[in-house]
Amino acid sequence: IREIAYSGLTKLSRAELHAAFAAWLRERGVEELVEIRAFHLDRATSLRTELEGVVPSELTQETAEALETAGLRALAREANRSGRTLLLRAVEVEPTLERRYAAAKAAWRLDDIPAAALEMERVRTEAQAAGNRHLEGRALIALGEVTAFRDSDTPASKKLIEEGLALLEPDDSFGRFDAFRQLNTLARWVGDFPGSRRYAEHALEAAREAGRKDLMAWATNGLASSYLWEMDLDRAEELALEGDRLAEESRGIVPRGDSLNIRADIAELRGDIDEAIELFEASIALFAEAGAILDQGRTLNHLAELVMNQGDDDRAEGLTR
């Protein structure tokens, strides 16, 4: 019935009704409805484009802002695929440097290294030309992580991240968190465990300044990993459980997967293989849900080695494939 009624309307009537319903939603002032409002504004914009080739500037601006807000909300709850789609559409409707960065960050969250590399490089170039040190610094930090995973070039990655960190304002807690989190990983890769712990503590401090429990969960897990690599299993487990608590409270999907992953490593080192397998499987499911494909692939490989050592070659092959 809905489809028949809708098809009986002219495109202009549809556009007007979509816009009117979006206005009604805005008057309600309910933040949770922003994605529905963005959908209706986007439909109105698309229909007006089909009819007239151009869209009134007020509608264009309102649509792009709603799409951007909806995309950022999706990223905040780790609906990364949805966030990426919404933010790309916001850029298409009305491109700005800030929206390009947000869309590139969504690609970064999805571990889409080629897209993140291309789009963050453009953001860095445009930010530098505009004198926007804030976004130039954040783009450099993202490019540092891209360099680490794409090129396995730890020194070049660290250099880019430190250059980006130097451009940030002292109160940019989110940018500093991203920088210290990646520096924590790089330090672990080269066996600098004191440095890794120091960077994790800096990341946790930045997360607390931001007042974000999801970021605190990320940083706490980074600190747990530093202790794990030093074979301080009790302290690592204590921190991983704290990371899991923070992730649960903030509904953080990837941090919860990280916590489970660390606890699985600990169980394996203690010889409790059944518990390790169960924890690895739970972490893989969470990484898959969030689209964190690098973490998902890494954990699948680790689980494959574990079950192969237990004599289950068929399952190990399936996991590896």
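Above this note sits the structure.
Small disclaimer: the values here were computed from a predicted structure and weren't measured. (Residues numbered from 1 in each chain as written. Predicted model: local features only at pLDDT ≥ 70, side-chain atom pairs only at ≥ 80, totals over all residues. Heavy atoms only, no water.)

A. Region of the structure containing the nonpolar core. Counting residues in each nonpolar core, the largest one holds 63 residues, and the members touching the most others are Trp108, Met120, Phe177 and Leu303. In terms of residue count, helix α15 (residues 273-290) provides more of this core than any other element does, nine residues in total. Beyond its immediate sequence surroundings of up to four residues, Trp108 is in contact with Tyr101, Ala116, Met120, Ile141, Ala142, Glu145 and Asp178. Counting 14 residues, the second largest nonpolar core, distinct from the first, contains Ala22, Val34, Ala90 and Val93. (Core = buried A, V, L, I, M, F, W, Y, C linked by side-chain atoms within 4.5 Å. Buried < 20%, exposed > 50% of the residue type's maximum accessible area, 1.4 Å probe, protein only. Helix = DSSP H or I, 4+ residues; strand = E, 2+ residues; numbered from the N terminus. Contact = heavy atoms within 4.5 Å.)

B. Region of interest: unusual backbone geometry. In this model, Met231 sits at a positive phi of 65°, which is unusual for a non-glycine residue. Its location among the elements puts Met231 in the loop between α12 (213-229) and α13 (233-250). Residue Arg251 is not a glycine yet carries a positive backbone phi of 60°. The residue Arg251 is located in the loop between α13 and α14 (253-269) in this model.

C. The side chain of Asp42, seen in detail. As for its placement among the helices and strands, Asp42 is situated in helix α3 (residues 34-52). Since its relative accessible area comes to 17%, Asp42 is described here as buried. Residues within four places of Asp42 in sequence aside, it is in contact with Thr63, Leu67, Arg89 and Val93.

D. Region of interest: the layout of surface pockets. Taken as a whole, the largest pocket holds about 1,400 Å³ of empty space. Lining the largest pocket are 48 residues, with Glu145, Arg181, Trp218, Val254 and Asp258 sitting closest to its centre. For the lining of the largest pocket, the elements supplying multiple residues, two or more each, are α4 (57-76), α6 (97-109), α8 (133-151), α10 (173-189), α12, α14 and α16 (293-309). Element by element, the count of residues in the lining of the largest pocket is highest for α10, at nine residues. When the residues that make up the lining of the largest pocket are grouped by side-chain class, the tally is 19 nonpolar, eleven polar and 18 charged. (1 Å grid on protein atoms, 1.4 Å probe; cavity = no way out; pocket = protein on both sides within 12 Å on 5 of 7 lines; lining within 4 Å. Points joined across faces, edges and corners; volume = space filled by probe spheres on them. Nonpolar A, V, L, I, M, F, W, Y, C, P; charged D, E, K, R; others polar.)

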